[in-house]
Amino acid sequence: MSAPAVLDRYADILASKTMTQEYGHLLGFNGLVIEAVGPDARIGELCEIDAPGLRRKINAEVVGFRDGHVLLMPFGHLRGIAAGARIRGLGRSLRVPVAKAMVGRVLDAFGEPLDNGPAIEPDGYREIRPVPINPLRRAPLDEVLETGVRAIDGVMPIAKGQRVGVFAGSGVGKSTLLGMMARHVRADVVVVAMVGERGREVGDFLQESLGSEGLRRSVMMVATADQSALVRTHAVHAAHAVAEYFRDMGLDVLLIVDSITRFAMAQREVGLAVGEPPTSRGYPPSVFNLLPQVLERGGRVRDGGSISAIYSVLVEGDDMNEPVADHMRAILDGHVVLSRDLDSRGQLPAIDLLSSVSRLLARVADAGQQQLVRRVKSVISTYESSRDLVDMGAYQAGANPVLDEAIALHPRLVDCLRQEPAQSSSMQETLAQLRLILSATQEGRV
């Protein structure tokens, strides 16, 4: 190799190396946000906080600027840090390690094990906020995804790559339904993000709702309520990055986020701390800007697999029109509504079929199944509209043939759609049972 070629080679190597370090120092801390002079960093860049006398370093992320100062949010607590602490820019944004060995493991928001298992050797790293998918790269959503939940597969089937919200108040069986879907779904990999939950609920979901059978093909990423708001938001982004890793391998992925409402609350903390104005119910504009960016990461791509995303929406005070719920309904491809009234009657899962919608029903169900869905909903609607009269004994049989039929069919439909968490049923079995029930009246067997 000639001397000029050797010089050019080493010049390229030197040009790719960082020859300087960017440093700043801490000015103040208001409980959520660090204000610092320097370093010369960008929004989203990671920084490292160091202080004399401390044996640990704390990572933080640049979240804004104010009056020429840099605003950072730490991932951990700042006890022991004093004014003047040195801050070093790392020159990169947050990435999450990805590997096939993640399946069957419980991880934190940064991809580190929480289950006392061995360390995971990463196959690579993924940016938690990648460039959005080109819309023309998306494939049509026309292939059904069997969830193993009768009420969903039989009456409101969803497609591979569809984004669905589970809307529920507290204590209505939301986690149980999500666990059923994770355990019984016909997908290659399940990625579960638990955001803002109590530590006890994480263990309960793992042992009772998901179970060892569900965990064997799942990646569980956890950011509990006692962690910083920034860590809780990153857990959602990291879970999407992990799901995208498996999707790009050509696999069908079910992504479950519990809950997107707590993600929005965490982003509200971040936005208000950096000075955003509060709007509807105190949520800053960044929340409503970020939600569609997150949800658009699901779907099906032409040169890979699919991400079918289930987002639980915690409806405060059972108000279906609160800001996050209302915004989510406008973005999602369907929503499953859980009813407190049905839960109190022991109809589990407590899915309100009259309020629930799958916007892709016409794409994944043939004409016969669509007619079956309309028939089931018609029977339930007729019965529910006259439930008070029937319960009081004020209705006389024979007065309305349509209602007579609904009274005869409703208990059998409820029994068919009622399901224990450990039970699984194929879509074909569910549809066959529903057809058998509805054909009984036509043949005079009711």
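Conventions and cut-offs
- Residues numbered from 1 in each chain as written.
- Predicted model: local features only at pLDDT ≥ 70, side-chain atom pairs only at ≥ 80, totals over all residues.
- Heavy atoms only, no water.
- Helix = DSSP H or I, 4+ residues; strand = E, 2+ residues; numbered from the N terminus.
- Buried < 20%, exposed > 50% of the residue type's maximum accessible area, 1.4 Å probe, protein only.
- Contact = heavy atoms within 4.5 Å.
- 1 Å grid on protein atoms, 1.4 Å probe; cavity = no way out; pocket = protein on both sides within 12 Å on 5 of 7 lines; lining within 4 Å.
- Points joined across faces, edges and corners; volume = space filled by probe spheres on them.
- Pairing = 2+ DSSP bridges.
- Polar contact = N/O pair within 3.5 Å; in protein donor to acceptor, adjacent residues only side chain to side chain.

**Student:** Help me get a handle on the overall build of the chain, residues and values and all.
**Tutor:** Along the backbone of the chain there are 14 helices and 19 strands. In terms of overall dimensions, the chain has C-alpha extents of about 95 × 55 × 40 Å along its principal axes. Among the 446 residues that make up the chain, the fraction classed as buried is 51%. Intrachain contacts of the chain at a sequence separation of at least 6 include 72% that bridge at least 24 residues.

**Student:** Describe unusual backbone geometry, with residues and values.
**Tutor:** Going from aspartate 258 to serine 259, the amide bond is cis rather than trans, its omega being 0 degrees. In this fold, serine 259 is placed in the loop between strand E15 (252-258) and helix H6 (260-273). In the segment running from leucine 348 into proline 349, the intervening peptide bond is cis, with an omega of -5 degrees. Structurally, proline 349 is set in the loop between helix H9 (340-344) and strand E19 (357-358). One non-glycine residue, aspartate 67, adopts positive backbone phi at about 50 degrees.

**Student:** Got a sec to walk through empty space enclosed by the protein? Specific residues and values, please.
**Tutor:** A full pass over the atoms with the stated rule returns one cavity of 30 Å³ or more. By volume, the largest cavity is sized at about 40 Å³. Lining of the largest cavity is provided by Ala151, Gln347, Pro349, Ile351, Leu353 and Leu417.

**Student:** Break down the pairing of strand E14 (residues 218-223) for me, citing the residues and quoting the values.
**Tutor:** Moving residue by residue along a regular strand, the side chains alternate between the two faces of the sheet. Among the six residues of E14, six are classified as buried, and the element is accordingly described as predominantly covered. Burial of E14 is two-sided: the residues Ser218, Met220 and Val222 facing one way and the residues Val219, Met221 and Ala223 facing the other way are all buried. One ladder, built from four bridges, connects strand E8 (residues 105-108) with E14; its direction is parallel. Counted as the bridge partner of valine 106 is methionine 220 from E14.

**Student:** With reference to specific residues and values, describe the environment of alanine 36.
**Tutor:** With respect to the helices and strands, the residue alanine 36 is situated in strand E2 (residues 34-37). For alanine 36 and glycine 24, which are 12 residues apart along the polypeptide, the C-alpha to C-alpha distance reads 6.7 Å. Every residue in contact with alanine 36, bar those within four places of it in the chain, is listed here: His25, Leu26, Leu27, His69, Val70, Leu72 and Ile87.

**Student:** Could you give an account of the side chain of serine 425, naming the residues involved and the relevant values?
**Tutor:** Within the secondary structure layout, serine 425 lies in the loop between helix H13 (401-417) and helix H14 (427-442). For serine 425, a relative accessible area of 3% gives the class buried. A distance of 3.5 Å separates a polar atom in the side chain of serine 425 from a polar atom in the side chain of glutamate 429. Polar contacts involving the side chain of serine 425 include one to the side chain of threonine 430, which spans 3.2 Å. With residues up to four places along the chain from it excluded, the contact list for serine 425 reads Gly148, Arg150, Asp153, Arg186, Gln419 and Thr430.

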